[in-house]
Amino acid sequence: MREIAREELPDTPVSLSSDVVPEMQEYERTVTTVANSYVRPRVDRYVRNLKAKLDKVAKDVKLHILRSDGGLASAASAAEYPVNLLMSGPAGGVTGALWVAVQAGFPNLLTVDVGGTSTDVALIQGGQPRLRRETTVGDVTVRASSVDIRTVGAGGGSIAHVPELTKALRVGPQSAGADPGPAAYNRGGTEPTVADANIVLGYLPEMQKLGGDMVLNRELANTAVKKVGDALGLSTKQAAQGIYNIVNENMVGALRLVSVEQGYDPRDYALIAFGGAGPLHANALSRLLGSWPSIIPPGPGVLCALGDATTAVRDERARTYVRKFSETTSRDIEKILKGLAADASKGLEEEGVRKSEITTSYQVDLRYHGQGLRLTVEVNLADLQKKGLKSISDKFDEEHERLFTFALPLEHELVTLRAAVQGQGIKIKRQPLATGGSDPKAAVVGKQKAFMEGKDVTAIVYDRAKLKAGNKVRGPAIVMEMDSTTVILPKHTGHVDKSGCILIYPDNYKAPKKAAAKKSGKK
């Protein structure tokens, strides 16, 4: 079929569902293949042009492009299967957050990426981001592995409004975008946004320029937020606090989707916030969820780029294999999984990855016989050889019980077998931060009047570039850097570690007794 199509339409890329999604379920295969074909010409042209320009200046450099599952794809694979790239942007933030947090000693994380129009959240368990087998963009859901990222319309540009009917303050999902942007940008925007509220609250200091060079118009921000206050019968500061609180609750709602509603207790996880606006809300989010510490990485506004640089080439192969456990054996499954891994490894070897550097993981999708729902569980070949199929069914029952509080005494049925292979990421040695005492006075650059927790306070303003490992930044405080701003609330302290992260804890914080790796669904 491919050859016939190429003869008739030589300039048209051809996508076959047997290549794009070699799994059962006709509708999902069709949608995924159509989506791949729809974006393929433009992605293919972009990749070819980029590669040609790179070859002119660096002929020996290999071009890799981030995938939705957080790994890297070769240029050829990215051009041929662009459906695997749909959520690659947010995935870069998660991989970057993971790299930073592991350096700081926190492998269990809730990640919060707050930008101008939206917030992307994800959960990392034991140093591994949770993946899902489907990727949704708008109204289209395709069968492609991606980091389990949930998005909510809550960012710096989200517009606050008071509907005439309910008279209840709402924030988002409408956004002022980059043009005209928040009122404070002085580009014609008049609607009150989250960024305007942060300015009114004093969280963006008067001495700070956005992005290092943009001067914010505070008078316009006050005028915009005042409209909300007038509609609610509140002062401008109270209205700004309301906007800040509600957008935080919207973010918490997204975080609950990846934690509580998946059977995980957010109190067992640290929270890492990044993106241009993430550190403004991190402390408040951690307090709402009980997720400590609240981690502010160095360069939070460019963390996605760090994730792109530190991840590794990845590929996977899958095969539909519908069998009840009574109809197959562990040896059959092991043989197929190894064959899938060998096939996937060929692409990595073509990209120059040595066999010794390739790591392999295995997963199976299974269900109870007669059930429509499928769950994905990891397969350890050593356990499979030792315990047989019970090593798979036990994990499935545990996952089913964690999600739904029960397991059924029914026969298990396999649906899909999958092998994922990955090379080694680039090893970046970050220089440790210079050590200082607990007093951060050398980093103080001024004071800022702010409105926190319903009260007027005077916050100490710090230059993050001058902070040293061991410094303790006590709230109320504001930490400035070129690409972001961190707010530390009263009765909280930011501890600067040797990797440069700011770890925010409540004063007199006591760590919970249960380990962070425990799952909340188990009692």
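In the block above lies the structure referred to throughout.
Residues numbered from 1 in each chain as written. Predicted model: local features only at pLDDT ≥ 70, side-chain atom pairs only at ≥ 80, totals over all residues. Heavy atoms only, no water.

Ranked by internal contacts, the top residues of the largest apolar core, which has 64 residues, are Tyr-203, Ile-243, Leu-271, Met-452 and Leu-467. Among the elements that line this core, the one with the most residues is helix H8 (residues 236-258), at 10 residues. Residues within four places of Tyr-203 in sequence aside, it is in contact with Asn-198, Gln-241, Tyr-244, Leu-280, Ala-450, Phe-451, Met-452, Ile-478, Thr-485 and Val-487. Counting residues in each nonpolar core, the second largest holds 24 residues, with Leu-109, Val-147, Leu-303 and Leu-503 among its members. (Core = buried A, V, L, I, M, F, W, Y, C linked by side-chain atoms within 4.5 Å. Buried < 20%, exposed > 50% of the residue type's maximum accessible area, 1.4 Å probe, protein only. Helix = DSSP H or I, 4+ residues; strand = E, 2+ residues; numbered from the N terminus. Contact = heavy atoms within 4.5 Å.)

Moving on, we get to the packing of H8 against helix H9 (residues 278-289). At a minimum axis distance of 10 Å, the contact between H8 and H9 shows a crossing angle of 60°. In this structure, H8 crosses over H9, and the sense of that crossing is right-handed. Facing Tyr-244, Val-247, Asn-248, Glu-249, Met-251, Val-252 and Leu-255 of H8, the residues of H9 in contact are Leu-280, His-281, Ala-284, Leu-285, Leu-288 and Leu-289. Across the contact of H8 with H9, the residue classes break down as 10 nonpolar, 2 polar and 1 charged. (Axes fitted to C-alpha atoms, helices over the stretch in contact; angles between N-to-C directions. Left-handed = near helix turned anticlockwise from the far one by under 90°. Nonpolar A, V, L, I, M, F, W, Y, C, P; charged D, E, K, R; others polar.)

Right, let's talk about the packing of aromatic side chains for a bit. The tally for this structure, following the rule as stated, stands at 4 aromatic pairs. Aromatic side chains Tyr-264 and Tyr-269 sit 6.2 Å apart centroid to centroid with 85° between the ring planes, which places their arrangement in the edge-to-face category. Each member of the pair Tyr-264 and Tyr-269 is classed as buried. With centroids separated by 4.9 Å and ring planes inclined at 85°, the aromatic side chains of Tyr-368 and Phe-396 adopt a geometry described as edge-to-face. One end of the pair, Tyr-368, is in strand S14 (residues 359-368); the other, Phe-396, is in helix H13 (residues 390-404), with 28 residues separating them in the sequence. Comparing Tyr-368 with Phe-396, the two get one shared label, buried. (Phe/Tyr/Trp six-rings, centres within 6.5 Å; stacked < 30°, edge-to-face > 60°.)

One can describe the packing of helix H7 (residues 218-232) onto H8 by two numbers: an axis separation of 8 Å at closest approach and a directional angle of 85°. With respect to each other, H7 and H8 are oriented roughly perpendicular. Across from Asn-222, Val-225, Lys-226, Val-228 and Gly-229 in H7, the residues of H8 making contact are Thr-236, Ala-239, Ala-240 and Ile-243. Of the residues assigned to the contact of H7 with H8, the class counts are 5 nonpolar, 3 polar and 1 charged. (Parallel < 35°, antiparallel > 145°, perpendicular 65-115°, else oblique.)

In this section: H7. Spanning 15 residues, H7 covers 21 Å between terminal C-alpha atoms, matching the ideal 21 Å at 1.5 Å per step. Restricting attention to buried positions, one finds in H7 the residues Arg-218, Ala-221, Ala-224, Val-225, Val-228 and Gly-229. Those residues of H7 that are buried lie in contact with strand S9 (158-161), helix H6 (194-200) and H8. Taking the backbone nitrogen of Glu-219 as reference, a side-chain oxygen 3.2 Å away marks Asn-217 as the first, capping residue of H7. Of the residues flanking the end of H7, it is Gly-233, one or two places downstream, whose phi is positive at about 70°. (Expected span 1.5 Å × (residues − 1). Polar contact = N/O pair within 3.5 Å; in protein donor to acceptor, adjacent residues only side chain to side chain.)

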